[in-house]
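Geometric and topological summary
Residue-level listing of the chains:
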Amino acid sequence: MLNLIKIKGQKKEDAANANGKPPAKKQSPGELRLHKDIAELNLPKSTRICFPNGKDDLMNFEVTIRPDEGYYVGGKFVFTFQVLPAYPHEPPKVKCKTKVYHPNIDLEGNVCLNILREDWKPVLNVNTIIYGLNLLFSQPNDEDPLNHEAAAVLRDSPEKFERYVQRAMAGGYVGETHFPRCMF
């Protein structure tokens, strides 16, 4: 009986190949959901998405944010998204490729956004994360920091924080740390 099922499956595959089409790759539920999420994206005008590995690899993509308000106006920040097969039950892994002086993004690019951790729910989607990242640039949060030094400066001296952000985005040093230019 099992042999008959194998033969039937092989005949279907051979028929598909005979039509000149390669056998279709079965998509995981996470890939199907991500495809839907991407099709329904409603990005802010300051945000772009690209697929460096081509449209066949939706599970890995980049989002570029160019804030149009707040401390980071004039900057260009690139985030990588790695979506796991367990999506939407697990959030995507998001990293900032652009070195930035920010209380919620450390120097290794890790992002502190509650919906990427304990507040993630399967009803959330990529669009929600992108809006959350945009919010981090318009309203940095000094109460839940990854970069404690930047959070302390923001809390204690917002004017000094603004100078440090501008210096970092221009390609300068903040303390002992050099930041590559990220202004456009």
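Starting from 1, residues in each chain are numbered consecutively following that chain's sequence as written. The model is predicted, so local features are restricted to residues of pLDDT at least 70 and side-chain atom pairs to those at 80 or more, both for listing and for counting; the totals for chains, interfaces and linings are taken over all residues. Water and hydrogen atoms play no part in the side-chain values, which are based on all heavy atoms of the structure.

1. As for the sheet that holds strand β2 (residues 60-65)
Two strands qualify as a pair provided that DSSP identifies no fewer than 2 bridges between them. Secondary structure elements follow DSSP: runs of H or I no shorter than four residues count as helices, runs of E no shorter than two count as strands, and numbering proceeds from the N terminus. Overall, antiparallel pairing links the four strands, which are arranged β1-β2-β3-β4 in an open sheet. Edge positions in the sheet fall to β1 (47-50) and β4 (93-96), since each has one partner strand and no second. Geometrically, the sheet is characterised by an average inter-axis angle of 20 degrees between neighbouring strands, direction not taken into account. The sheet contacts of helix α3 (residues 126-138) involve β1, β2, β3 (77-82) and β4, and relative to β3 the element is tilted by about 150 degrees. Interaxial angle, 0 to 180 degrees, is taken between N-to-C directions of lines fitted to C-alpha atoms, where a helix line uses only the stretch in contact. Throughout, a contact is declared for two residues whenever any of their heavy atoms are within 4.5 Å.

2. Points about the packing of aromatic side chains
To pair, rings of Phe, Tyr and Trp, with the six-membered ring standing in for Trp, must have centres within 6.5 Å; the planes then decide the type, stacked if under 30 degrees apart, edge-to-face if over 60, and tilted in the middle. In the structure shown here, the tally under the stated rule is 11 aromatic pairs. Measuring from centroid to centroid gives 5.9 Å for Tyr72 and Phe77, while their planes differ by 80 degrees, and the two rings are edge-to-face. Exposure class is identical for Tyr72 and Phe77. Each is buried. Taken together, a centroid distance of 4.5 Å and an interplanar angle of 20 degrees make the contact between Phe77 and Phe137 stacked. Pair noted here: Phe77 is in strand β3 and Phe137 is in helix α3, with a separation of 60 residues, a long-range link. Each member of the pair, Phe77 together with Phe137, is buried. Aromatic rings pair up to connect Tyr71, Tyr101, Phe161, Tyr164 and Phe179 into one cluster. Each ring is checked for a lysine NZ or an arginine CZ that lies within 6 Å of its centre and within 35 degrees of its normal; such an atom marks a charge sitting over the ring. The ring of Phe184 is capped by Arg66, whose NZ or CZ atom sits 4.5 Å from the centre of that ring. Against the face of Phe179 rests Lys99, its NZ or CZ located 5.7 Å from the ring centre. Partly exposed residues are those whose accessible area sits between 20% and 50% of the maximum for their type, while under 20% is buried and over 50% is exposed, using a 1.4 Å probe and protein chains only.

3. Digging into the nonpolar core
With 43 residues, the main nonpolar core has Leu34, Phe61, Phe79, Phe81, Tyr101, Val111 and Leu133 as its most contacted residues. Elements that contribute at least two residues to this core include exactly α2 (29-39), β2, β3, β4, α3, α4 (148-156) and α5 (158-169). If you tally residues by element for this core, the top one is α3, at six residues. For Leu34, the contacting residues outside a window of four places in its chain are Leu58, Met59, Phe61, Val83, Tyr87 and Val126. By nonpolar core we mean a set of buried residues, namely Ala, Val, Leu, Ile, Met, Phe, Trp, Tyr and Cys, connected to one another through side-chain atoms within 4.5 Å.

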